[in-house]
Amino acid sequence: ASFIYCSIYRTTGATIERSLYGITGVILAAVNMHAMTLLFPFGAKGFLCVSDNGRTSTKSLFMVISHTTAGGWTVTRADRYEVAMWAFNEADKGGITARALFVDGRLDPYLQWFASEKDQQEVDHKYDELIAKTCALGTITYDDPNYESYGELVCLLDVFVVFALLLLSRVPRSTVLFGLGWTITWMMNFMNPAIGVYHRLYDTRTSWILTDYFVVETTTVLGCIIAVLTTLVPGGRLQNLRFMYKDAKALNYSISRVWVDASEYFIQGRRCAMRLQIETTIDSLDSRSSKSLENLEGAWWETFNLGRRGRKRILLDNFRVSSMNIRDMVRVVKDCVVSEDFKSSHGQFWKGMQVQIQDLIEQVSGLMWLCLRSCRDGTVDSTEVELLKAQTASAKSKQLSLVSAFHRVAPHVSQDLSDQFTFVYALSFWARRMTDFAESITDQAAEGKLYGRRQTFVETVRKTCSLKEICDQVHRNWALRNLCSVFLCFLIGYYCEGSIFNRYNSTMASTLALLMVGETSHKVAYEKSAHRLVAVSMGKSLPFIIMSLVGAFPCGSKERTILQAAAVAAYVFVWTLTYYSSKMWSYVACLIGAFGISSVMQPCADGGTDEAFAVKYKEIGNVTIAILIQTFLHSMLSRHTPKQLLQSSFGELRRFLTCCFEAVFEGDLAAFESALVEAKGELSNAKNFAGECDPKLELYLGPEGPFNIDLCSSALSSCALLLDELTMLLVAAKDWEPKQALLEENGGLRADGEGGDD
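Residues numbered from 1 in each chain as written. Predicted model: local features only at pLDDT ≥ 70, side-chain atom pairs only at ≥ 80, totals over all residues. Heavy atoms only, no water.

**Re the overall build of the protein chain**
The secondary structure content of the protein chain amounts to 26 helices and ten strands. Sorting the 758 residues of the protein chain into buried and exposed places 47% on the buried side. Long-range pairs, those at least 24 residues apart, make up 79% of the contacts in the protein chain between residues at least 6 apart in sequence. (Helix = DSSP H or I, 4+ residues; strand = E, 2+ residues; numbered from the N terminus. Buried < 20%, exposed > 50% of the residue type's maximum accessible area, 1.4 Å probe, protein only. Contact = heavy atoms within 4.5 Å.)

Below, the structure written as C-alpha cells:
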C-alpha cells in the first residue's frame, strides 16, 4: 500500500518512472540481503542466556524445538505459555520433521509431533545439548556460530557500505529512498536475535533466496502494476503524451500572443495596461516550458520512442525546443515594451513598418500552427510536407519585405529607436527559427529519420555511472550529510534500550531515509523540519485514532469491514487531494498519507490497547529525535552558509561579465561565448542561493540584521536581463547555421529509426 501511494503521480509516464525506480531500489536492497543470507544463513537468530538454579545456561521455563527440511533447527524460548503456544503453532510449516514443547525441563505429552522415532531422538539430543551449554548471563547464543565470531561487525560494515553506495551514486531519488528504507528494515531484523532469517519453503537449494525479501520483491512488482493500471482508468486521460500536445498548443498560443500584442502596443504609440499583460505572458513561458519538459520525460516511459507514438514524442519535443529557442529574445522584448516611452520618431518608424511587421507575424504564427499539426500524429505525410514548404516560402518572402522596409525607414542606427530595433531583430530571429524548424521537418520526412533528444533512461544510467558526477563536490557533501544522520540513527536504533527507545528498532533510520535533505539545500530548513514533525506526528497518531473508533465494532463484523474500508478510502482521498491541490501543505499531506496508510489498513487485533498507544508515543518520540539529529548534523556539516555562497556566486558572475565585455571589444567570439555560458551558470546558482537567504526562513536574526532579499532579487533580475541582451549580441555576431541551434539545444542528438507502427 505504501509503495502504491508513493508511486502514483499525476500522469501515467511519471507513475511508470517512479514505480520502476522504486522497484530498482527494492531489488538492490534485496540483493544485498540475499548475499548476507548466503554468508549467515540464519542471520543473528539466537536466544538469550538465562539463570538456572545458580548456574547460567540456555534453559528457560518454556522451550519450543522444531526442525524443518528448509530451515533446519529452530529454538524458541519463552517465559509465558501463550508465547510458547504461538511458537509451537508457527513451527507447523512446510517440510517439518519434528516439533516439541518443553515445560520446565520436561517434554509436554500433548504438544509434540515427530515424523519418526529417529527425529524424536534428535530432538531429545538437541535439548540436552542446549541445557548443557553454559554461557554468561545476559549473553546471546546464536544459531549460526559464524555470526557470534564476526557477524555484528560484518553487518554494520555492510549497512554503512550500502548506505554510502546508494547516496554517492547518481541513481534517481526513488531508488535511493526505497533502497535505503528496505535495507534499514531488513538489516535491523537480520541483526535481531528474535527474528534473524526465516526460510519459508522446502528446497534447501533455493532457501537462501526464497525468504521474506523475495516476498517483498514480488509484492512490489504487483504494486507497480496496480499503480500504473490506476492511471489507465478509462476516461482519466492521464497520459503524458496527451498533455504534451496540450502544452505545445498553449506554448504556441502564448508565443503568438506575445508578438501580436507587442506589435499592437507599439502601434498604439502610448503607454497603457497592455504592457503588463505582455509582461505576464512572457513571464509564463518558462513555467509552460518546464511543464512541457516534465511531460516530455514522462512520455518516454509511455512510448520508449517506439512506433508512431514514439515519433510523435520526438516531433513534439523538437517543436518545444525550437519554440523556446527564442526565450532570451522575448525577455529582451519584455524590457523594450515596459521601458518604451514613445518619444522622438517612434510614430514615423511604425508607420513605415506596420504592414510588414503584421504580415510577418501572421505568416510565422500560421507556420507554427502548421508545424504543430504536422507533429500531432507522429507522421509527416506528403500533403503536410507541401503545405510546410509553401508556408515556409511565404514566411521567408515576408521576412525579406520586412528587411527592405527596415532599411528604407531606418537607414542609420538611432538611440531613440533602440527598443524598436530590438523588437524587429527579435521578430526576425523568431521567423528564421521557425522556418528552419519547418525545413528540418520536411528534410527528416524525406530522409525517413527523426532526430531527438537522448532518452531519459539512457541519461540516468550515464549519470549513475559517471565518475565525474559522483565526485562532484556538492553531491559529495549532500551524501555525507545524509549518510551521517541516517547511519547514526541506525546505530541508535540498534544499540539503545530504555526510555522511548527499543533495541532493534528501525523507525528513526527509516524515517530519515524518506526525509533526506535536498541536494541543493545549503542551510538548515527549519520551516521544512517543522513541517516534517507535524506530518510524521499526524501520520503516526491520526490513523491510530481512526482505528480506535473502528475498533468499537467486533472483528469480522460487516459493520467493521465497511467502516474500515470507508476510512481507508477517505484517508487516501483527503491527503492525496491536498497533496495535488495545495501549494503550501502539499509536502505535509504527502508525508501524512505515506506514513499513515499502512496503519489505517492494520489487521483487527492490532489496535486499541494501552501497549499500542505506548508504542505510537515512542514512535513519535523517535521520529522527533531523528529529525533533530538530522537538523543538527546538517548544520554542523555545511561548510558555507547560503549568504557566503551567494556572495561567491555574485563575485564569479561579475568576473564572467567582465570577461564578456573584454571579449566583445577584443573581437574574441569564442571567449565571449564561453564566458557567457559560465555567467549563466553562476546566475542560476545565485538564484538558488538567494531563495535560501530569505529572512523568513531564519530561526533567529543575528547581529548583522535581516538579509535584504528585495535588493538581491532586483540585482538578479538586472543581471538576467543583461545576460539576455548579451545572448542577443552573440546570436547577431555568429554565422547563422540553420540546424545548429536545434541540435545543441537537444543536448546531443542522434538518429532514431522510425520503428514500427502501433
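**Focus on the state of the cysteines**
Summed over all chains, the structure comprises zero disulfides. There is no disulfide at cysteine 719, and the cysteine sulfur nearest it, in cysteine 712, is 9.4 Å away. With a relative accessible area of 14%, cysteine 719 lands in the buried category. (Disulfide = S-S within 2.5 Å.)

**Describing the sheet that holds strand β4 (residues 62–68)**
Ordered by their spatial adjacency, four strands build an open sheet running β5-β4-β6-β7, and the pairing between neighbours is antiparallel. Among the strands making up the open sheet, the edge pair consists of β5 (72–78) and β7 (106–114). With strand direction ignored, the average angle separating the axes of adjacent strands in the sheet is 10 degrees. Where strand β6 (residues 96–103) and β7 come together, five bridges link them in antiparallel fashion. Bridge pairing in β7 places valine 103 opposite arginine 106. (Pairing = 2+ DSSP bridges. Axes fitted to C-alpha atoms, helices over the stretch in contact; angles between N-to-C directions.)

**With respect to the nonpolar core**
With 65 residues, the main nonpolar core has Trp259, Phe349, Ile357, Phe423, Leu427 and Trp430 as its most contacted residues. In terms of residue count, the dominant contributor to this core is helix α12 (residues 346–376) (13 residues). (Core = buried A, V, L, I, M, F, W, Y, C linked by side-chain atoms within 4.5 Å.)

**With respect to the pattern of salt bridges**
Summed over the entire model, instances satisfying the criterion amount to 14 salt bridges. With a closest N to O distance of 3.3 Å, aspartate 286 and arginine 331 form a salt bridge. Here aspartate 286, found in helix α9 (residues 274–303), pairs with arginine 331, found in helix α11 (residues 327–339); they are 45 residues apart in sequence, far enough to count as distant. For aspartate 286, a relative accessible area of 31% corresponds to the partly exposed category. Salt-bridge contacts for lysine 680 lead to aspartate 328; the nearest nitrogen and oxygen are separated by 3.2 Å. A residue pair is termed long-range when its members are at least 10 positions apart, and lysine 680 in helix α24 (residues 669–692) and aspartate 328 in helix α11 qualify at 352 residues. Salt bridges sharing common partners tie together Asp286, Arg327, Asp328, Arg331, Lys680 and Asp724. (Salt bridge = Lys/Arg side-chain N within 4 Å of Asp/Glu carboxyl O.)

**Overview of a positive patch on the surface**
A grouping of Arg237, Arg242, Lys246, Lys249 and Arg376 is seen on the molecular surface, where their side chains present a positively charged patch. Considering each element in turn, the positive patch owes the most residues, three residues, to helix α8 (residues 240–268). Relative to the helices and strands, arginine 376 is located in helix α12. (Patch = residues over 30% accessible without salt bridge, like charges linked within 9 Å, V, L, I, M, F, W, Y side chains within 5 Å. Areas by Shrake-Rupley, 256 points an atom, 1.4 Å probe, with all protein chains shown as cover. Lys, Arg positive; Asp, Glu negative; His and termini not counted. Charge placed at Lys NZ, Arg CZ, Asp CG, Glu CD.)

**Here's the deal with unusual backbone geometry**
Only a minority of non-glycine residues have a phi that is not negative, and only a minority of peptide bonds are not trans. For phenylalanine 304, which is not glycine, the phi torsion reads 55 degrees and is therefore positive. Note on phenylalanine 304: relative accessible area 39%, which makes it partly exposed. Notably, tyrosine 504 is not glycine yet its phi reads approximately 65 degrees, a positive angle. If you trace the backbone, tyrosine 504 turns up in the loop between α17 (473–495) and α18 (507–514). Residue tyrosine 504 is classed as buried on the basis of its relative accessible area of 18%.

**Some remarks on the packing of aromatic side chains**
Summed over the entire model, instances satisfying the criterion amount to 28 aromatic pairs. Taken together, a centroid distance of 5.4 Å and an interplanar angle of 80 degrees make the contact between tyrosine 21 and tryptophan 301 edge-to-face. Separated by 280 residues along the polypeptide, tyrosine 21 in helix α2 (residues 12–39) and tryptophan 301 in helix α9 bring together distant segments of the chain. Looking at tryptophan 301, the relative accessible area reads 4%, which means it is buried. Taking 5.1 Å as the distance between ring centres and 70 degrees as the angle between the ring planes, the aromatic pair formed by phenylalanine 406 and phenylalanine 421 counts as edge-to-face. (Phe/Tyr/Trp six-rings, centres within 6.5 Å; stacked < 30°, edge-to-face > 60°.)

**Thoughts on the environment of phenylalanine 40**
Among the secondary structure elements, phenylalanine 40 is positioned in the loop between α2 and β1 (46–48). Look at phenylalanine 40 and you get buried, because its relative accessible area is 0%. A C-alpha to C-alpha distance of 9.4 Å links phenylalanine 40 and phenylalanine 190, two positions 150 residues apart in sequence. Contacts of phenylalanine 40, omitting those with residues within four sequence positions, involve Asp144, Asn146, Tyr147, Tyr150, Gly151, Val154, Phe190 and Val197.

**A look at helix α23 (residues 642–666)**
For α23, spanning 25 residues, the distance from its first C-alpha to its last is 36 Å, which sits close to the expected 36 Å at 1.5 Å a residue. If you check which residues of α23 are buried, you get Pro642, Leu645, Leu646, Ser649, Leu653, Phe656, Leu657, Cys660 and Ala663. For α23, the elements touching its buried residues are α24 and α25 (709–733). Trailing α23 by a residue or two, glycine 667 shows a phi angle of about 70 degrees, which is positive. (Expected span 1.5 Å × (residues − 1).)

**Observations regarding the confidence of the model for the protein chain**
Put simply, the protein chain has an average pLDDT of 82, and 86% of its residues get 70 or more. Ranking the elements of the protein chain by mean pLDDT puts strand β10 (residues 750–752) last with 33 and helix α13 (residues 382–409) first with 92. The low-confidence segment residues 200–205 (pLDDT under 50) makes eleven contacts with residues lying over four places distant or belonging to another chain. Residue range residues 739–758 is modelled with pLDDT below 50. Its contacts to residues more than four positions away, or to other chains, number 50 contacts. (pLDDT = per-residue confidence, 0-100.)

**Points about the packing of α11 against helix α14 (residues 418–447)**
Where α11 contacts α14, the axes come no closer than 9 Å and their chain directions differ by 150 degrees. In terms of orientation, α11 and α14 fall into the roughly antiparallel class. As for how α11 packs across α14, the hand of that crossing is left-handed. Every residue of α14 that contacts α11 at Met329, Val332, Val333, Cys336 and Ser339 is listed here: Asp419, Thr422, Phe423, Tyr425, Ala426 and Phe429. (Parallel < 35°, antiparallel > 145°, perpendicular 65-115°, else oblique. Left-handed = near helix turned anticlockwise from the far one by under 90°.)

**Topic: the side chain of threonine 37**
For threonine 37, the position within the fold is in helix α2. Overall, threonine 37 belongs to the buried group, its relative accessible area being 2%. At 2.7 Å, the side chain of threonine 37 and the backbone oxygen of methionine 33 are in polar contact. (Polar contact = N/O pair within 3.5 Å; in protein donor to acceptor, adjacent residues only side chain to side chain.)

**With respect to the packing of helix α6 (residues 173–190) against α18**
Between α6 and α18, whose axes approach to 8 Å, the crossing angle comes to 175 degrees. Taken as axis vectors, α6 and α18 run roughly antiparallel relative to one another. On α18, the residues touching Leu177, Leu180, Gly181 and Ile184 of α6 are Ala509, Ser510, Ala513 and Leu514. A per-class count over the contact of α6 with α18 returns six nonpolar, two polar and no charged. (Nonpolar A, V, L, I, M, F, W, Y, C, P; charged D, E, K, R; others polar.)

**Some words on the pairing of β4**
The two faces of a sheet get side chains in turn, since along a regular strand they alternate between them. Within β4, seven of the seven residues are buried, which leaves the element mostly enclosed by the surrounding structure. Here β4 shows a buried face lined by Phe62, Val64, Ser66 and Thr68 and a second buried face lined by Met63, Ile65 and His67. Bridge analysis of β4 against β5 gives seven bridges, and the strand direction is antiparallel. Considered in β5, the bridge of valine 64 is made with threonine 76. Bridge analysis of β4 against β6 gives seven bridges, and the strand direction is antiparallel. Each residue of the ladder has a partner; that of valine 64, found in β6, is leucine 101.

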